[in-house]
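Structure assessment
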Amino acid sequence: MRLRVAFLGLGVVIAGVGIALFLTQFLIKTPPAVTASATSNSTNGLPVVNVTLTTVAAAGTGPHPNWVAYLNDSGDPSTYINAPANSVIHMTINQQDTPTGLRNEYFGLVRGTIDGSMKVNGKTMQAIDPTTAAHTFTIPDLGVSVPLLGVSADQKGNPPQNVVEFDFKVPGPGLYRWQCFVPCGAGTLYGNGGPMQTLGYMAGELVVS
Amino acid sequence: MPQRRRTLINIIVGSWIVLSAAGDLALDLLPFPPGAATDIAGSETQLIRILALMAWPIFLAVVGALVFTLYVNRVAPAAAEPDAQSLRGNSRAQTAWIASSTTIVLGLAILGTITLVNDTTIPTVAHAEPAAPFEIQVIAQQWYFTYRYPSLGGFESDHLMIPADREIEFHVTSLDVTHSFWFFAAGVKADAVPLHDNSVDMQPQKIGTYRIECSELCGIWHGSMSDDHAQIVSAADFNTWAQQQQQLDAPVMKFLPPYSHTYVPAPGAYGS
């Protein structure tokens, strides 16, 4: 009898610890952050920092390997960006996903960047055909929105990708949310579920300090 | 009625009159929301002000009656438990209570109805040929509002810019789930429903910068679906802004769909 009670007690303790660990991990776990790297360049008197991300159709790792995602240099899903206040971010996005298309065609327009344009594989562009967009990098509070050209079926490269570059100003300290405006959460309601509503995939935060 | 009780009633009634008058004078100085940015907001503010001015004396009367009752019917701790008393209705008090309550409730209902009808009726302009309302389309999507100006070529903008000299006709729709366009300072709140056009009119009255936000829970970034840069500006400033915005939008204009009160996103844009 005592042995049974002891085993029961042990089981309850183990289950309790397991649940506590699971909840703790769930609550405190955040994707790795991408920290902007300093450069010796300046734009309009503001220091320029570099941030590089990669967009892929499937993360290939983490709890949702099949979800579309932004990846950091290490290939992990990551949408937390740390940047210094009052600087210019030179963003490079290696866009490797195919087009899904924009729900609101207006997001095909580049806006909020230093010169109102972006470079796609070295070519300056101010807008793209909304049907060719794979994702957008949009920070609503800063008025920044850049459509990311999808990789075409016949595009060369290993992996085939469009390198999208643009610069935008970062204001004072604060937390600015950003998201993709292409409804690319395949299989979810209106394409805006799953990765679109999960930090680390297609929604993120720019932490300026 | 014992003299002491009569004196107490006089004190309470006198205090009620003084405090009601002083409180209402002070309340009337307060800036009630939502303000006077538009005709709708102005009438809502006036209604809220009237409600507050009526509510303060009523609140004091309830508190006064409570104090009077507690004081008159108090029992000293050492006193013996009195026998149950036979209570009879006071027909004068009941009549006064029912009549005053009915008058107040019906009065508020009439006031509210008049305000509601006025707010949902397109005002007539005292011109020989009234200018047509200036149409602005509000397009909601997870998680941002954008705005189209059909009479200016159909360009679209991140921020809401309103000319102060025109009656405005908002047309609100959504491209995905249900949102709600809440322009609090203007007294405007309209649901944004996919494949539906929800229209509301207003007359701007005060130049300024205002906040727009979504008031329908719509997903993870619902709390961030707001904009603090909505503006009511002069006609000249609006024209300048519109010209600049048309230039900024030029590269994407050929890709925007023809203006419509609702939009059906292409099936491929549903991500599935």
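The rules behind these values
- Residues numbered from 1 in each chain as written.
- Chains lettered and ligands numbered in written order.
- Predicted model: local features only at pLDDT ≥ 70, side-chain atom pairs only at ≥ 80, totals over all residues.
- Helix = DSSP H or I, 4+ residues; strand = E, 2+ residues; numbered from the N terminus.
- Buried ≥ 20, exposed ≤ 12 C-beta atoms within 10 Å, placed from the backbone.
- Contact = placed C-beta atoms within 7 Å.
- Rg over C-alpha atoms; globule rule 2.2 N^0.38 Å.
- Core = buried A, V, L, I, M, F, W, Y, C linked by C-beta atoms within 7 Å.
- Nonpolar A, V, L, I, M, F, W, Y, C, P; charged D, E, K, R; others polar.
- Expected span 1.5 Å × (residues − 1).
- Pairing = 2+ DSSP bridges.
- Axes fitted to C-alpha atoms, helices over the stretch in contact; angles between N-to-C directions.
- Domains from an automatic or database assignment.
- Parallel < 35°, antiparallel > 145°, perpendicular 65-115°, else oblique.
- Left-handed = near helix turned anticlockwise from the far one by under 90°.

Before going further, it helps to examine the overall build of chain A. Counting its secondary structure elements, chain A contains one helix and 13 strands. In terms of principal-axis extent, the alpha carbons of chain A reach across some 80 × 40 × 30 Å. Counting the 209 residues in chain A, one finds 43% classified as buried. Restricting the contact set of chain A to residue pairs at least 6 apart, pairs at least 24 apart contribute 66%.

Turning our attention to the overall build of chain B. When helices and strands are counted, chain B shows four helices and 10 strands. Counting helices and strands in the order they occur from the N terminus, chain B gives α-α-α-β-β-β-β-β-β-β-β-β-β-α. In terms of overall dimensions, chain B is more spread out than a globule: its C-alpha atoms have a radius of gyration of 28 Å, far above the 19 Å expected for 272 residues. Once the C-alpha set of chain B is aligned to its principal axes, its extents read approximately 90 × 50 × 30 Å. Residues counted as buried form 24% of the 272 residues belonging to chain B.

Once that is clear, we can look at the environment of Y176 of chain A. All names here are of chain A. The residue Y176 is located in strand β12 (residues 174-179) in this model. Along the primary structure Y176 and H90 are separated by 86 residues, whereas in three dimensions their C-alpha atoms are 17 Å apart. In this structure, Y176 is in contact with I139, D141, L142, L206 and V208, ignoring residues within four places of it in sequence.

This paragraph deals with the nonpolar core. A69, V146, L148, V164 and M202 of chain A are the most contacted members of the largest nonpolar core, which has 49 residues in total. Every element with two or more residues in this core is listed here: β3 (46-56), β4 (69-71), β6 (87-95), β7 (118-120), β9 (133-139), β10 (144-149), β11 (162-170) and β13 (203-208) of chain A. Look past the residues within four positions of V164 of chain A in its chain and what remains in contact with it is I93, Q95, M118, V120, V146, L148 and L149 of chain A. Counting residues in each nonpolar core, the second largest holds 39 residues, with I139, Y149, A230 and I232 of chain B among its members.

Listed per partner, the contact involves 29 residues of chain A and 29 residues of chain B. Partitioned by chemical class, the residues of the side of chain A that touches chain B number 11 nonpolar, 13 polar and five charged.

A separate point is unusual backbone geometry. Cis rather than trans, the peptide bond between N158 of chain A and P159 of chain A has omega equal to -5°. Take P159 of chain A: it is sitting in the loop between β10 and β11. Omega for the peptide link from P33 of chain B to P34 of chain B comes to 0°, which places this bond in the cis form. Positioned with a positive phi, N121 of chain A is a non-glycine residue whose angle comes to about 50°. We classify N121 of chain A as partly exposed; it has 14 C-beta atoms within 10 Å.

Between the first and last C-alpha of helix α1 (residues 2-28) of chain A there are 38 Å, a value that for 27 residues agrees with the 39 Å anticipated at 1.5 Å per step. By the criterion of burial, α1 of chain A is predominantly exposed, with just zero of the 27 residues buried.

Next up on the list: the sheet that holds strand β5 (residues 168-174) of chain B. Residue and element names in this part refer to chain B. Strand order in this open sheet of five strands is β3-β2-β1-β5-β8, and the pairing throughout is mixed. The sheet terminates laterally at β3 (155-157) and β8 (198-202), the two strands that pair on one side only. The sheet shows a mean angle of 25° between the axes of neighbouring strands, taken without regard to direction. Pairing analysis gives three bridges linking strand β2 (residues 144-149) to β3, with the strands arranged antiparallel. Considered in β3, the bridge of R148 is made with E156. Strands β2 and β3 of the sheet are contacted by helix α4 (residues 235-253), whose axis makes an angle of about 105° with β3.

Glancing now at the sheet that holds strand β4 (residues 161-163) of chain B. The pairing of strands in a sheet happens through backbone hydrogen bonds and is either parallel or antiparallel. Residues and elements named next belong to chain B. A sheet is described by the order of its strands in space; here five strands give the open sequence β4-β10-β9-β6-β7, paired in mixed fashion. Of all the strands in the sheet, the pair left with one neighbour each is β4 and β7 (188-192). Here the average twist between neighbouring strands, direction ignored, is 25°. Across five bridges, the pairing between strand β6 (residues 179-183) and β7 is antiparallel. Looking at the pairing, H179 lines up with A192 of β7. In the packing of α4 onto the sheet, the strands contacted are β4 and β10 (226-233), and the crossing angle to β4 comes to about 135°.

Residues and elements named next belong to chain B. Taken as a whole, chain B is organised into domain 1 (1-73) and domain 2 (134-258). Taken together, the 10 residues of domain 1 in the interface contact 13 residues of domain 2. When grouped by side-chain class, the residues that make up the side of domain 1 that touches domain 2 number five nonpolar, three polar and two charged.

All names here are of chain B. Between helix α1 (residues 3-27) and helix α2 (residues 39-72), the shortest axis-to-axis distance is 9 Å and the interhelical angle comes to 155°. In terms of orientation, α1 lies roughly antiparallel with respect to α2. Here the hand of the crossing between α1 and α2 comes out right-handed. Contacts between α1 and α2 involve R5, L8, I12, W16, L19, S20, G23, D24 and L27 from the former and A52, L53, W56, P57, L60, A61, G64, V67, F68, Y71 and V72 from the latter. Considering only residue class, the contact of α1 with α2 consists of 15 nonpolar, three polar and two charged.

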